[in-house]
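Architecture and fold: a report
For reference, the chains in residue letters:
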Amino acid sequence: MSQNLKLGFVGLGIMGGPMAGHLVNAGHEVFITTRSKIPTELASSTAIQCGSPCEVAEKADMIFIMVPDTPDVEKVLFGENGIAAGLSKGKVVVDMSSISPIATKEFAKKINALGSDYLDAPVSGGEVGAKNATLSIMVGGDESVFERVKPVFELMGKNINLVGANGDGQTAKVANQIIVALNIEAVAEALLFAAKAGADPAKVRQALMGGFASSKILEVHGERMVKRTFDPGFRIELHQKDLNLALNSARALGVSLPNTATAQELFNSCSAHGGKAWDHSAMVKALEKLANFEIGQKP
């Protein structure tokens, strides 16, 4: 991208920190703020630290948000010293958090009424995707605004799609999280079954990687299950939040999602055992408790 832009980034956690870092590394003028400590790499970079989301919005032309949940986005946008207070005509607000599609539509209307544009652009790919700039980005909003922001998206992700109007990006992300949760559950069941039957789960996983059962979940999270590495790339509590969005929306639509509900109950079990901050691949621990057997244990 030849043009240097004034970009804002609000929310610098596991995902937001590296995402904002890519914008800085591309040579743009980046204004940042977060409710916790500024990551060391950003603190020592050319990024300009601001005291509030309002200040970020005043100084930047495009403002990106990456925070955990719907209430967090609402507070960042419309709370005291929020983004809305610092907007002027022609600016763009891009929410890359994963939140309610229904609330997103209302947020977009309010931002549009201030003369600014709004995109919802949730991502998939976890911490690894954020660090490697390989995120999938699902966008809802006006096509002309999408095309304006797309070069910036390309600094953070590889698979970038305009899904439809405001809210449709969030709907796509909810669908994504349903698929991911059910795949984690399937891989966990399969590896647990193999281990209890006396096979080496690592070798079973390797064999399955060459067949129709192969998937990114089997590759990445299957390895986590076998090696017992559950430090979070994506925390269970965040996936619980996303499945709550799925189940609440499904209830409103009159749609039954029975396996999504089961996956949520397994996450709930992990949470009850102190696992809110475990990586979501640790869903396998709930199944292991039901089986009274742990992958890696000798049958």
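Residues numbered from 1 in each chain as written. Predicted model: local features only at pLDDT ≥ 70, side-chain atom pairs only at ≥ 80, totals over all residues. Heavy atoms only, no water.

**As for the packing of helix α9 (residues 168-196) against helix α11 (residues 216-227)**
Short version of the rule: Comment: axis = line fitted to C-alpha atoms, over the contacting stretch for helices; angle = value between 0 and 180 degrees taken between N-to-C directions. By the criteria applied, helices consist of DSSP H or I runs no shorter than four residues and strands consist of E runs no shorter than two, each listed in order from the N terminus. Should an angle fall under 35 degrees it is taken as roughly parallel, and over 145 as roughly antiparallel, whereas 65 to 115 is taken as roughly perpendicular and any remaining angle as oblique. Crossings are sorted by hand: turned counterclockwise from the far helix by less than a right angle, the near helix makes the crossing left-handed, and turned clockwise it makes it right-handed. By the convention used here, residues are in contact when the closest approach between their heavy atoms is within 4.5 Å. Side-chain classes follow a simple rule in which Ala, Val, Leu, Ile, Met, Phe, Trp, Tyr, Cys and Pro form the nonpolar group, Asp, Glu, Lys and Arg form the charged group, and the remainder, Gly included, forms the polar group.
With their axes 10 Å apart at the nearest point, α9 and α11 run at an angle of 50° to one another. Taken together, the axis directions place α9 and α11 in an arrangement best described as oblique. With respect to the hand of their crossing, α9 and α11 are arranged in right-handed fashion. Mapping the contact onto sequence places V180, N183, I184, V187, A188 and L191 in α9 and I217, L218, H221, G222, M225 and V226 in α11. Taken together, the residues that form the contact of α9 with α11 break down as nine nonpolar, three polar and no charged.

**Things to note about the environment of G141**
Here is the rule we go by: Only protein chains enter the accessibility calculation, which uses a 1.4 Å probe; a residue whose area is less than 20% of its type maximum is buried, one above 50% is exposed, and one in between is partly exposed.
Following the sequence through the fold, G141 ends up in the loop between β8 (135-140) and α8 (143-153). Residue G141 is classed as buried on the basis of its relative accessible area of 10%. Taking the C-alpha atoms as reference points, G141 and L162, separated by 21 residues in sequence, lie 7.6 Å from one another. For G141, the contacting residues outside a window of four places in its chain are Y118, L119, L162, G164, A165 and N166.

**What about the packing of α9 against helix α12 (residues 236-253)?**
Interaxial distance between α9 and α12 falls to 9 Å at its minimum, and their mutual angle equals 115°. Relative to α12, α9 is oriented so that their crossing is left-handed. Residues K173, V174, Q177, I178, V180 and A181 of α9 pack against H239, D242, L243, L245 and A246 of α12. Across the contact of α9 with α12, the residue classes tally to seven nonpolar, two polar and two charged.

**Examining the side chain of R224**
Note on placement: R224 falls in helix α11. Residues in contact with R224, not counting those within four places in the same chain, are T229, F230, D231, G233, D279 and S281.

**With respect to the environment of V284**
Mapped onto the elements, V284 comes out in helix α14 (residues 283-291). Put simply, V284 and G125 are 159 residues apart on the chain and 20 Å apart in space, counted from C-alpha to C-alpha. Dropping the residues within four chain positions of it, V284 is found in contact with A188, M225, R228, F230 and I295.

**Some points on the environment of P232**
The residue P232 is located in the loop between α11 and α12 in this model. Taking C-alpha positions, P232 is 9.8 Å from K276, a pair spaced 44 residues apart along the chain. With residues near it in sequence (within four places) discarded, P232 still touches I14, E127, A277, W278 and D279.

**What about α9?**
Condition: To estimate the expected span of a helix, subtract one from its residue number and multiply by 1.5 Å.
Over its 29 residues, α9 extends 42 Å from the first C-alpha to the last, a length consistent with the 42 Å expected when each residue adds 1.5 Å. Downstream of α9 by a residue or two, G198 has a phi angle that is positive, lying close to 100°.

**Some details on the pattern of salt bridges**
Our working rule: Any carboxyl oxygen of Asp or Glu within 4 Å of a side-chain nitrogen of Lys or Arg constitutes a salt bridge here.
Inspection of the entire model under this criterion finds 11 salt bridges. Residue R235 is joined to E237 by a salt bridge in which the shortest nitrogen-to-oxygen separation is 2.8 Å. Look at R235 and you get partly exposed, because its relative accessible area is 23%. You can call E237 partly exposed: its relative accessible area is 32%.

**Some thoughts on the nonpolar core**
Quick note on the threshold: Definition used in this section: a nonpolar core is a set of buried Ala, Val, Leu, Ile, Met, Phe, Trp, Tyr and Cys residues joined via side-chain atoms within 4.5 Å.
Counting 34 residues, the largest nonpolar core has F9, M19, F64, M96 and F153 as the members making the most contacts within it. Formed by 25 residues, the second largest nonpolar core is a distinct cluster that contains L266, F267, C270 and I295.

**Some details on α8**
Basically, it comes down to this: Working note: the arc is built from the helix axis to C-beta atom directions.
Among the residues of α8, those classed as buried are V145, F146, V149, V152 and F153. Axial view of α8: buried residues confined to an arc of 100°, hence all on one face. Turned more than 90 degrees away from the buried face of α8 sit E143 and S144, all of them exposed.

**Remarks on the packing of aromatic side chains**
Cut-off, in case you're wondering: Stacked, edge-to-face and tilted are the three classes for Phe, Tyr and Trp ring pairs, Trp counted by its six-membered ring, which pair at centre distances within 6.5 Å; planes under 30 degrees apart are stacked, over 60 edge-to-face, the rest tilted. Lysine NZ or arginine CZ positioned within 6 Å of the ring centre and within 35 degrees of the ring normal marks a charge as sitting over the ring.
In the structure shown here, the tally under the stated rule is four aromatic pairs. For the ring pair F9 and F64, a centre distance of 6.3 Å and an interplane angle of 15° mean the geometry is stacked. Placement of the pair is F9 in strand β1 (residues 6-10) and F64 in strand β4 (residues 62-65), with a sequence separation of 55 residues. A ring pair is formed by F146 and F153, whose centres lie 6.4 Å apart and whose planes are at 35°; its orientation type is tilted. A single burial state applies to F146 and to F153, both of which are buried. Among the aromatic residues, those joined into a ring-pair cluster are F9, F64, F146 and F153. Against the face of F78 rests K110, its NZ or CZ located 5.1 Å from the ring centre. The aromatic ring of W278 is capped on one face by K285, whose charged end is 4.0 Å from the ring centroid.

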